[in-house]
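Architecture at a glance
One letter stands for each residue in the lines below.
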Amino acid sequence: MLKRLRLVAIMSILLLSFSATSSAHEMYYSGSAPNWAPIPLKWSITNFGAAHLKFNNDSLSSSYTNHYVNATNAWSNSTSKVQTTRTTFSYSNVDILTPTNDFWEQKVGFVNVYSVYGITDITTTDNILIKDSNSAINSTRLIKYGHIYMNPHSQVFGSENDKLYTMVHEIGHVLGLGHPNSIFYPVNDDSIMRQGSYSSYTTPRAHDINDISNKY
């Protein structure tokens, strides 16, 4: 009987560990540590189960345009769960742009003008701009539109690879992915979605592809 109880306890621990790590890392969670409850956000426009992103870069400055094609291909080249198209502004559902200096300062705050490299805004099918866990909970949780803003002060980037890394990272947010090194069930895996440091890679890693597969 004791052996059986031990076996049940071990299996329960394994199941809890699996459930915490097998689901995608989300942008928002509710509850409190250590029992955070994920608030899954996923793309509403799909094609045979794949998220279909239609990009436009009409308002992206020349300091970033060299990376536009590689950035918008990065996720679709890495997983069949993502499809990407580059199109006109009239048909896009993801716009990658460079805002004015004034807009950027209002968006990130004066103290963050040079320390934030990119920001993503996502809007759900019920026209809610997701800003926090409360807005996420009260929405359909289905993303229909994304804005990716790149820092207008492009000199803040250490290299051209850093620009590409940031664009691919922000597209990951458009897909509904959060940071795997946040306080919510953090992991040490290599990931294009890690926050706070750059790496030499500029494409999604195995961890990111697994997160997308779990989400879609």
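Now for a quick tour of the structure. Just so we're clear, the structure is a prediction, and the values are computed from it rather than from any experiment.

**Examining the pairing of strand β5 (residues 50-56)**
The buried count for β5 comes to 6 of 7 residues, which makes it a mostly enclosed element. Where strand β4 (residues 46-47) meets β5, 2 bridges bridge the pair, whose relative direction is antiparallel. Across the sheet, residue Thr46 finds its bridge partner in β5, namely Ala51. Turn length for the β4-β5 hairpin, with the two strands adjacent in sequence and antiparallel, is 2 residues, and the turn residue Phe48 shows positive phi of about 55°. Pairing of β5 with strand β7 (residues 94-97) involves 2 bridges; the strand directions are parallel.

**Comments concerning the pattern of salt bridges**
If you walk through the whole model with that rule in mind, you get 3 salt bridges. Of the charged contacts, one joins Lys215 and Glu26 as a salt bridge, the two residues approaching to 2.7 Å between their closest N and O atoms. One end of the pair, Lys215, is in helix α7 (residues 206-215); the other, Glu26, is in the loop between α1 (2-22) and β1 (29-30), and 189 residues separate them in sequence. For Lys215, a relative accessible area of 8% translates into the label buried.

**Brief notes about the layout of surface pockets**
By volume, the largest pocket amounts to about 710 Å³. Together, 28 residues line the largest pocket, and Gly118, Glu170, His173, His179 and Gln195 are the ones closest to its centre. Put simply, the parts of the chain that give the lining of the largest pocket at least two residues each are β8 (118-124) and α6 (160-174).

**A short note on the nonpolar core**
Grouped together as the largest cluster of nonpolar side chains are 39 residues, with contacts concentrated most on Trp75 and Ile96. Taken together, the elements giving at least two residues each to this core come down to β5, α3 (68-78), β7, β9 (142-150) and α6. Among the elements that take part in this core, α6 stands out by supplying 6 residues, more than any other. Contact partners of Ile96, with chain neighbours within four places excluded, come to Phe55, Asn56, Asn57, Ser59, Leu60, Tyr68, Thr72, Ile148, Met150, Met167 and Ile171. Leu97, Trp104, Val108 and Val113 belong to the second-largest nonpolar core, a separate cluster that totals 6 residues.

**A short note on the environment of Arg194**
Looking at the secondary structure, you find Arg194 in the loop between α6 and α7. Judged by its relative accessible area of 21%, Arg194 is partly exposed. As a C-alpha pair, Arg194 and His169 span 25 residues in sequence and 8.2 Å in three-dimensional space. When residues no more than four places from it in sequence are discounted, the contact partners of Arg194 are Tyr165, His169, Pro180, Asn181, Val187, Asn188 and Asp189. Within the local environment of Arg194, its side chain forms a polar contact with the backbone oxygen of Val187, the two atoms lying 3.0 Å apart. A polar contact of 3.3 Å, which involves the side chain of Arg194, links it to the backbone oxygen of Asp189.

**With respect to the environment of Leu175**
Mapped onto the fold, Leu175 is located in the loop between α6 and α7. Overall, the relative accessible area of 0% leaves Leu175 in the buried class. For Leu175 and Tyr216, which are 41 residues apart along the polypeptide, the C-alpha to C-alpha distance reads 9.6 Å. Excluding its chain neighbours within four sequence positions, the residues that come into contact with Leu175 are Leu41, Lys42, Ala51, Leu53, Trp75, Val82, Ile143, Ile212, Lys215 and Tyr216.

**Considerations on the packing of aromatic side chains**
By the definition in use, this model includes 7 aromatic pairs. An angle of 85° between the planes, with centres 5.9 Å apart, marks the rings of Tyr64 and Phe157 as edge-to-face. Pair noted here: Tyr64 is in helix α2 (residues 62-65) and Phe157 is in the loop between β9 and α6, with a separation of 93 residues, a long-range link. For the residue pair Tyr64 and Phe157, the accessibility class agrees, reading buried in each case. Aromatic rings pair up to connect Tyr29, Trp36, Phe184 and Tyr185 into one cluster. The ring of Tyr64 carries the charged tip of Lys163 above its face, separated from the ring centre by 5.7 Å. Above the plane of the ring of Tyr201 lies Arg205, whose end atom (NZ or CZ) is 4.5 Å from the centre.

Definitions and cut-offs
- Here the residue index of a chain counts from 1 through its sequence in written order.
- Residue-level local features of this predicted model are given only where pLDDT is at least 70; pairs of side-chain atoms are given and counted only at 80 or more, and the full residue set underlies all totals for whole chains, interfaces and linings.
- Calculated side-chain values reflect all of the structure's heavy atoms, with hydrogen atoms and water omitted.
- Burial classes follow relative accessibility: with a 1.4 Å probe on protein chains only, a residue under 20% of its type's maximum area counts as buried, one over 50% as exposed, and anything between as partly exposed.
- Helix and strand assignments follow DSSP, with helices taken as H or I runs no shorter than four residues and strands as E runs no shorter than two, numbered in order from the N terminus.
- Each pair of strands is called paired provided DSSP finds at least two bridges between the two strands.
- In what follows, salt bridge is the name for a side-chain nitrogen of Lys or Arg lying within 4 Å of a carboxyl oxygen of Asp or Glu.
- The way it works is a 1 Å grid over only the protein atoms, where trapped points that fit a 1.4 Å probe form a cavity and open points with protein on both sides within 12 Å along at least five of seven lines form a pocket, and then any residue with an atom within 4 Å of a point lines it.
- Grid points are joined across faces, edges and corners, and a volume is the space filled by probe spheres set on the points.
- Grouping buried Ala, Val, Leu, Ile, Met, Phe, Trp, Tyr and Cys residues that are joined through side-chain atoms within 4.5 Å yields what is termed a nonpolar core.
- Every residue pair with non-hydrogen atoms within 4.5 Å of one another is taken to be in contact.
- Residues adjacent in sequence count toward polar contacts only when both atoms are side-chain atoms; beyond that, a polar contact is any pair of N or O atoms within 3.5 Å, and within protein one must be able to donate a hydrogen and the other to accept it.
- Between the rings of Phe, Tyr and Trp (Trp by its six-membered ring), a pair exists once the centres lie within 6.5 Å; its type follows the angle of the planes, with under 30 degrees stacked, over 60 edge-to-face, and the other angles tilted.
- For a lysine, the NZ atom is tested; for an arginine, the CZ atom; a charge sits over a ring if that atom is within 6 Å of the ring centre and within 35 degrees of the ring normal.

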